[in-house]
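For reference, the chains in residue letters:
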Amino acid sequence: DLECRYAKDYEILDVTADTIEGEPAWAVRARPLLRQTYHEAVFWLAQADPVILQVHFFKKDADEPFRTLVSPRDGVYEEQGHILPTRMVVENVSRGTTTEVIFERLAINPDIDDRIFSARSLEQKRDIPTRH
């Protein structure tokens, strides 16, 4: 559920104007071009900016989603032209489970010490050294 999603990876089936939590959005019904655990998805994209507010995933011929992903507007972080969700709620409807993911520390273009990429560091799985 935390994978990157690109428009080029989907066949767009339908786009309609809608609202999510009172916010104008585009409802984009799409089918993945590569095999996935779902047959179709509906993405609700904010009309004001490129934020995915919700996604519903459907099995073939299903009327109800088996999984939903919600990124509440109040959990959106913006820095240096990047807009990122800091909170996502994933509900597996078929299993009756919910997972909430919260990102507490985000950094855009941080300085990364080159030592992190040494073979020794990668093999040891050490904590990442940072420059201050």
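Nothing here was measured: the structure is a model prediction, and the numbers come from that model.

Peer 1: What's the story with the pattern of salt bridges in this structure? I'm lost.
Peer 2: Oppositely charged side chains can pair when the atoms bearing their charge come close. Taken as a whole and assessed by the stated rule, the structure comprises six salt bridges. With a shortest N-O distance of 3.3 Å, K8 and D9 are connected by a salt bridge. Residue classification places K8 among the exposed residues on the basis of a relative accessible area of 65%. What makes D9 partly exposed here is its relative accessible area of 30%. Among the ionic pairs, R87 bridges to E100, the shortest N-O distance being 2.5 Å. Taken as a pair, R87 in strand 8 (residues 87-92) and E100 in strand 9 (residues 97-102) lie far apart in primary sequence, 13 residues in all. What makes R87 partly exposed here is its relative accessible area of 28%. Owing to a relative accessible area of 45%, E100 belongs among the partly exposed residues under this scheme.

Peer 1: Please explain the environment of E21 as it appears in this structure.
Peer 2: Checked against the element boundaries, E21 lands in the loop between strand 1 (10-20) and strand 2 (23-32). Each C-alpha atom of the pair E21 and P72 lies 9.0 Å from the other, and the pair is 51 residues apart in sequence.

Peer 1: Help me understand the sheet that holds strand 2, please; the structure alone is not making it clear to me.
Peer 2: Think of a sheet as strands paired side by side through backbone hydrogen bonds, with each pair either parallel or antiparallel. A sheet is described by the order of its strands in space; here seven strands give the open sequence 1-2-3-4-5-8-9, paired in antiparallel fashion. Unpaired on one side and paired on the other, strand 1 and strand 9 mark the two borders of the sheet. Geometrically, the sheet is characterised by an average inter-axis angle of 15 degrees between neighbouring strands, direction not taken into account. Note: strand 8 against strand 9, six bridges, orientation antiparallel.

Peer 1: Teacher, can you tell me more about a nonpolar patch on the surface here?
Peer 2: On the surface, a cluster of nonpolar side chains totalling about 280 Å² of accessible area is made up of I12, V15 and W26. Within the element layout of this structure, V15 appears in strand 1. Residue V15 is classed as partly exposed on the basis of its relative accessible area of 47%.

Peer 1: Just to check I follow, could you spell out the nonpolar core for this structure?
Peer 2: Formed by Y10, V28, A30, Y38, A41, F43, V55, F57, F66, L69, M88 and V90, the largest nonpolar core amounts to twelve residues. Looking at this core, the elements that each hand over two or more residues are strand 2, strand 3 (40-46), strand 4 (52-58) and strand 8. Listed in part, the nine residues of the second largest apolar core include W44, A46, L53 and F58.

Calculation notes
Residues numbered from 1 in each chain as written. Predicted model: local features only at pLDDT ≥ 70, side-chain atom pairs only at ≥ 80, totals over all residues. Heavy atoms only, no water. Salt bridge = Lys/Arg side-chain N within 4 Å of Asp/Glu carboxyl O. Buried < 20%, exposed > 50% of the residue type's maximum accessible area, 1.4 Å probe, protein only. Helix = DSSP H or I, 4+ residues; strand = E, 2+ residues; numbered from the N terminus. Pairing = 2+ DSSP bridges. Axes fitted to C-alpha atoms, helices over the stretch in contact; angles between N-to-C directions. Patch = residues over 30% accessible without salt bridge, like charges linked within 9 Å, V, L, I, M, F, W, Y side chains within 5 Å. Areas by Shrake-Rupley, 256 points an atom, 1.4 Å probe, with all protein chains shown as cover. Core = buried A, V, L, I, M, F, W, Y, C linked by side-chain atoms within 4.5 Å.

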